[in-house]
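Each chain is listed here by its residues.
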Amino acid sequence: MPPNPPADAAVHTLVIDTDPGADDVIALLFAMAAPERLHIEALTTVAGNVPLSKTSRNARLACEWAGRPEIPVYAGAERPLERTPIYAANIHGHEGVTGVKVHEPAAPLAEGHAVDYLIRTLRAAPERSVTLAMLGPQTNLALALTQAPDIVRGLHELVLMSGAHFNGGNITPTAEFNVFADPHAAEAVLKSGVPTTMLPLDVTHKILTSGERIARLRTIGNRAGVIVADILDAYAPQEMQHYDMPGGPVHDATVIAYLLQPSLFRGRLINVEVDSREGMGFGQTVADWYGSLKRPANANWIVDGDAQGFFDLLTEHIARLP
Ligand code: RIB
Ligand code: CA
């Protein structure tokens, strides 16, 4: 067996589960610009930022904007496992991609439900061969794990934009949106036993836009650069105002940067559990950073990242697109 390449050169067989979503679209464009490193098998969509019909359309739009209309998009869960659905159109816009006009993409949705696609694909995959990036509520994988627990065999790693601890929440004082939108799913995923890396608000709120960083994207001179800059110009200000930050976070794109260059990030293998009880802590991720509870580690919890390195990597990849 050839030795594994260093992590910053690893090639991933990848499925991206997503609820586009302004930052999801940027993450998808980023990922689709790295075909030599990220062999994207499919996108699976879930209700989250906006309802399923819009997240599924927006995922297909991202493929069209990236010049990758061949990537199949499978629509998945239209509601969380148990809780009442919530959305974030106030942040992402009524159509789910603030700052840009949307249209019905030429490529249709792939036939069949995303959960069935995940089960079929992970059962057929070589052992521990598929990386699953999750950018929204984790309902699809939770449903797949319930219906077919054996699929863990096909998974190499889960890389999630999920959770908050040191930073505090963004939808409640304690909860981050992707977990709050389906805490029961997040609980099931964290108990799966699959190697898991989490990029919580603890790191995404440290990797922020600036006027210069957005201008650099806009002046690349291609359509993708203008789309990303227009999205960020519309999306960042309200995040900056609401959380009193000097720039806007590009949450989901940090997952793609981690896949391409994990050395940009710093974290620790710890125990993370989800509080799914009704009440003030509903959807909280309890990250035992200091090992106080002596429970087994189940997640690589990322707390820091090189912001300039992230924007350099993002800009370099967006420049490769049409
Ligand atoms: O809390 C941020 C997360 O919630 C991001 O994935 C964003 O797209 C929303 O889904
Ligand atoms: Ca998302």
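Refer to the structure above for everything that follows.
Let me begin by describing the structure that accompanies this report.

Some points on the overall build of the chain
Each helix and strand in the chain was counted, giving 12 helices and nine strands. With the C-alpha coordinates aligned to their principal axes, the bounding extent of the chain is approximately 50 × 45 × 45 Å. When each of the 322 residues of the chain is scored for burial, the buried share is 61%. Intrachain contacts of the chain at a sequence separation of at least 6 include 83% that bridge at least 24 residues. As displayed, the chain offers around 12600 Å² of accessible surface, 56% of which is attributable to carbon and sulfur atoms. Of note, the chain has its 24 positive side-chain charges centred 2 Å away from the centre of its 36 negative side-chain charges.

Things to note about the coordination of the calcium ion (ligand 2)
Distances from the calcium ion (ligand 2) to its protein donors, namely Asp19 (OD), Asp24 (OD), Asp24 (OD), Leu135 (O) and Asp252 (OD), fall within the range 2.2 to 2.6 Å. Donor residues binding the calcium ion (ligand 2) come from one chain and are separated in sequence as D-x4-D-x110-L-x116-D. With Asp19 in the loop between β1 (12-18) and α1 (22-32) and Leu135 in the loop between β4 (130-134) and α5 (139-147), the pair connects residues that are 116 residues apart, well separated along the chain. A residue is classified by how much of its surface remains accessible, and Asp19, at 0% relative accessible area, is buried.

Quick notes on the pattern of salt bridges
Applying the stated rule across the entire model yields 13 salt bridges. Between Asp233 and Arg218 there is a salt bridge, and its shortest N-O distance comes to 2.7 Å. Linking Asp233 in helix α10 (residues 223-243) with Arg218 in helix α9 (residues 211-218), this pair joins segments that are 15 residues apart in sequence. Relative accessible area serves as the criterion here: at 41%, Asp233 is assigned to the partly exposed category. Here Asp275 ties to Arg277 by a salt bridge, and the two come within 2.8 Å at their closest N and O atoms. Since its relative accessible area comes to 61%, Arg277 is described here as exposed.

What about the pairing of β4?
Within β4, five of the five residues are buried, which leaves the element mostly enclosed by the surrounding structure. The alternating pattern of β4 places Val130, Leu132 and Met134 and Thr131 and Ala133 on opposite faces, both of which are buried. One ladder, built from five bridges, connects β1 with β4; its direction is parallel. Counterpart to Thr13 in the pairing with β4 is Val130. Where β4 meets strand β5 (residues 155-161), five bridges bridge the pair, whose relative direction is parallel. If you follow Val130 over to β5, its bridge partner there is Leu155. For the handedness criterion, the β-α-β arrangement of β4, α5 and β5 is classed as right-handed.

Observations concerning the environment of Met134
Its location among the elements puts Met134 in strand β4. Separated by 98 residues in sequence, Met134 and Leu232 have C-alpha atoms that sit 21 Å apart.

Topic: helix α11 (residues 253-260)
Extensive coverage of α11 is indicated by the burial of eight of its eight residues. Among the residues of α11, those classed as buried are Ala253, Thr254, Val255, Ile256, Ala257, Tyr258, Leu259 and Leu260.

Remarks on the packing of aromatic side chains
Throughout the structure, instances matching the rule amount to six aromatic pairs. Seen in terms of ring centroids, Phe30 and Phe310 are 6.3 Å apart; in terms of plane orientation they differ by 80°. Their pairing is edge-to-face. One end of the pair, Phe30, is in helix α1; the other, Phe310, is in helix α12 (residues 307-318), and 280 residues separate them in sequence. Centre to centre, the rings of Tyr74 and Tyr117 are 4.3 Å apart; their planes meet at 20°, and the pair counts as stacked. With Tyr74 in strand β3 (residues 73-75) and Tyr117 in helix α4 (residues 114-124), the pair connects residues that are 43 residues apart, well separated along the chain. Per residue, the accessibility class of Tyr74 equals that of Tyr117, and both read buried. These aromatic residues form a ring-pair network of at least three members: Phe30, Phe310 and Phe311. The lysine or arginine in question, Arg83, covers the ring of Phe180, its NZ or CZ lying 4.6 Å from the ring centre.

Examining the site of ligand 1
The immediate surroundings of ligand 1 are formed by 13 residues, with Asp23, Leu135, Asn170, Glu176 and Asp252 found nearest. At a separation of 2.6 Å, an oxygen atom of ligand 1 approaches a polar side-chain atom of Asp23. Residue Asp252 places a side-chain N or O atom 2.6 Å away from an oxygen atom belonging to ligand 1. When ligand 1 sits alone it has 280 Å² of accessible area, and the protein chains cover 97% of it. Where the shell around ligand 1 is concerned, the elements lending two or more residues are α1 and α6 (177-180).

Rules and cut-offs
Throughout, residues of each chain are indexed from 1 in the direction in which the sequence is written. Labels follow written order: the first chain is A, the first ligand is 1, and so on. Note on the predicted model: pLDDT of at least 70 is required for a residue's local features to be given, and 80 or more for side-chain atom pairs to be given and counted; whole-chain, interface and lining totals, by contrast, use all residues. No hydrogens and no water enter the side-chain calculation; it runs on all heavy atoms of the structure. Put simply, DSSP marks the helices as runs of H or I at least four residues long and the strands as runs of E at least two long, and each gets a number from the N terminus on. The classification of residues rests on relative accessible area computed with a 1.4 Å probe and restricted to protein chains. Under 20% of the type maximum is buried, over 50% is exposed, and intermediate values are partly exposed. Should any heavy atoms of two residues lie within 4.5 Å, those residues are counted as being in contact. Per-residue and other accessible areas follow the Shrake-Rupley method at a 1.4 Å probe size, with only the shown protein chains counted as cover for residues. A positive count includes Lys and Arg, and a negative count includes Asp and Glu. His and the chain ends are not counted in either. Every charge is mapped onto a representative atom, which is NZ of Lys, CZ of Arg, CG of Asp or CD of Glu. Any N, O or S atom lying within 2.8 Å of the metal counts as a donor, and for Na, K and Ca the limit rises to 3.2 Å; water is left out, so some sites can look incomplete. In what follows, salt bridge is the name for a side-chain nitrogen of Lys or Arg lying within 4 Å of a carboxyl oxygen of Asp or Glu. Should DSSP find at least two bridges between two strands, the strands are taken to pair. Viewed with both strands pointing away, a crossover whose connecting path from the first strand over the helix to the second turns clockwise is right-handed. Working definition: a ring pair exists when centres of Phe, Tyr or Trp rings (six-membered ring for Trp) sit within 6.5 Å. Plane angles under 30 degrees give stacked, over 60 give edge-to-face, the rest tilted. Any Lys NZ or Arg CZ that is within 6 Å of a ring centre and within 35 degrees of that ring's normal is treated as a charge sitting over the ring. Note on terminology: near, applied to a residue and a molecule or strand, indicates that one of the residue's heavy atoms is within 4 Å of it. Identification of polar contacts relies on pairs of N or O atoms within 3.5 Å, with a donor-acceptor requirement for protein atoms, meaning one able to donate a hydrogen and the other able to accept it, and with residues adjacent in sequence counted only if both atoms are side-chain atoms.

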